[in-house]
Amino acid sequence: MSVEEEYRRLVEEIMNCTKCRLHQYRRNPVPGEGPLNAKVMVIGEAPGRNEDLQGRPFVGAAGQLLNKLLELAGLKREQVYITNIVKCRPPGNRDPQEDEVKACLPYLLHQIRLVKPKLIIAVGRHSARTLLELAGLQWRSMSEQHGKTYHGEIGGVKLMITVTYHPAAALYKPPLRQKLEDDFRGPIAAAVRE
Ligand code: URA
């Protein structure tokens with residue numbers, strides 16, 4: 001089966017998924033988007049209100065900021081595969097629960113195996129923790145680990161993981177914006193070039 005066909009089937013599965021309670025609340029699942037040969041994957045936490053309405057990741061205010069941050073790292077949004085840890089919006093944007101993450105994780109692993117990114121940018125602490133743990137690495141805290149690049153393997157794919165703050169956090173805590181910009185301009189840009 002071609003990568004495109006395998007991906008098409010995966011998206012279809014996500015669109016019809018009822019593996020956890022989040023399917024009861026969603027308007028649209030948000031599988032992810034971007035080129036299947038992307039070198040860089042951005043992984044957020046969960047779709048928000050705008051994403052749920054449009055069925056696309058990072059299309060609200062946090063998404064606008066993410067697009068600008070990607071440019072600081074020399075990337076265009078169109079070059080990057082963007083997705084989330086969970087594919088359906090948790091009600092009221094609450095954090096995804098442990099069992100919801102567990103139910104959804106096989107989709108993310110399948111996406112990583114198909115795209116085989118060289119670099120994953122994990123935005124936000126839930127994404128950072130989940131991805132570092134998938135790679136057998138230790139999660140401690142964002143203040144300690146943001147801007148750090150780790151080498152690891154997820155689903156048999158050797159890759160780098162850089163963790164940073166969630167763009168949405170910078171919208172309500174403006175001092176974080178500088179840290180995010182520094183991370184994208186510095187260590188993330190360096191990892192993209194590596
Ligand atoms: N926040 C996320 O983590 N993901 C989105 O897709 C949008 C906002």
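My aim in this report is to walk through the structure given alongside it, one point at a time. (Residues numbered from 1 in each chain as written. Predicted model: local features only at pLDDT ≥ 70, side-chain atom pairs only at ≥ 80, totals over all residues. Heavy atoms only, no water.)

1. Quick word on the overall build of the protein
Point 1. Check the secondary structure of the protein and you find eight helices and five strands.
Point 2. Of the regular secondary structure in the protein, the N- to C-terminal order runs α-β-α-α-β-α-β-α-α-β-β-α-α.
Point 3. Rg of the C-alpha trace for the protein: 15 Å, near the compact-globule value of 16 Å for 194 residues, within the 12% margin.
Point 4. The principal-axis extents of the C-alpha atoms in the protein amount to approximately 40 × 40 × 30 Å.
Point 5. Burial analysis of the protein (194 residues in total) assigns 53% to the buried set.
Point 6. Expressed as a percentage of contacts within the protein between residues at least 6 apart in sequence, the contacts between residues at least 24 apart total 70%. (Helix = DSSP H or I, 4+ residues; strand = E, 2+ residues; numbered from the N terminus. Rg over C-alpha atoms; globule rule 2.2 N^0.38 Å. Buried < 20%, exposed > 50% of the residue type's maximum accessible area, 1.4 Å probe, protein only. Contact = heavy atoms within 4.5 Å.)

2. Some points on empty space enclosed by the protein
Point 1. What the rule picks out here adds up to one cavity of 30 Å³ or more.
Point 2. Together, 15 residues line the largest cavity, and Cys17, Cys20, Cys88, Cys104 and Tyr107 are the ones closest to its centre.
Point 3. A total of four residues in the lining of the largest cavity trace back to one element, the largest contributor, which is helix α4 (residues 98-115).
Point 4. When its residues are assigned to classes, the lining of the largest cavity shows nine nonpolar, two polar and four charged. (1 Å grid on protein atoms, 1.4 Å probe; cavity = no way out; pocket = protein on both sides within 12 Å on 5 of 7 lines; lining within 4 Å. Points joined across faces, edges and corners; volume = space filled by probe spheres on them. Nonpolar A, V, L, I, M, F, W, Y, C, P; charged D, E, K, R; others polar.)

3. What about the packing of aromatic side chains?
Point 1. Applying the stated criterion across every chain, the model contains one aromatic pair.
Point 2. Taking 6.1 Å as the distance between ring centres and 85 degrees as the angle between the ring planes, the aromatic pair formed by tyrosine 7 and tyrosine 81 counts as edge-to-face. You can see tyrosine 7 sitting in helix α1 (residues 3-15) and its partner tyrosine 81 sitting in strand β2 (residues 81-84), a full 74 residues away along the chain.
Point 3. Under the relative-accessibility criterion, tyrosine 7 is labelled buried at 14%.
Point 4. Residue tyrosine 81 is classed as buried on the basis of its relative accessible area, which comes to 0%. (Phe/Tyr/Trp six-rings, centres within 6.5 Å; stacked < 30°, edge-to-face > 60°.)

4. Notes on the pairing of strand β1 (residues 40-44)
Point 1. Of all five residues that make up β1, five are buried, and the element is covered over most of its length.
Point 2. Residues Val40, Val42 and Gly44 point to one face of β1 and Met41 and Ile43 to the other, with burial holding for every one of them.
Point 3. Across four bridges, β1 lies against strand β3 (residues 119-123) in parallel orientation. In the sheet register, valine 42 faces β3, and the bridge partner there is isoleucine 121.
Point 4. The sheet contact formed by β1 and β2 spans four bridges and is parallel. When the sheet's bridge partners are listed, glycine 44 is paired in β2 with asparagine 84. (Pairing = 2+ DSSP bridges.)

5. Notes on the nonpolar core
Point 1. Core analysis: the largest hydrophobic core is formed by 63 residues, its most contacted members being Ile112, Ile121, Leu131 and Phe184.
Point 2. When residues of this core are assigned to their parent elements, the largest contribution, nine residues, is made by α4.
Point 3. What isoleucine 121 contacts, discounting residues up to four positions off in sequence, is Val40, Met41, Val42, Ile43, Leu70, Thr162, Thr164, Phe184 and Ile188. (Core = buried A, V, L, I, M, F, W, Y, C linked by side-chain atoms within 4.5 Å.)

6. Considering unusual backbone geometry
Keep in mind that most residues, glycine aside, have a negative phi and that most peptide bonds are trans.
Point 1. Positive phi, close to 50 degrees, is recorded for phenylalanine 58, a residue that is not glycine.
Point 2. Here phenylalanine 58 shows up in the loop between α2 (49-54) and α3 (61-72).
Point 3. The exposure class of phenylalanine 58 is buried, given its relative accessible area of 6%.
Point 4. Its identity as a non-glycine residue notwithstanding, lysine 116 has a phi of 50 degrees, on the positive side.
Point 5. By the element assignment, lysine 116 lies in the loop between α4 and β3.

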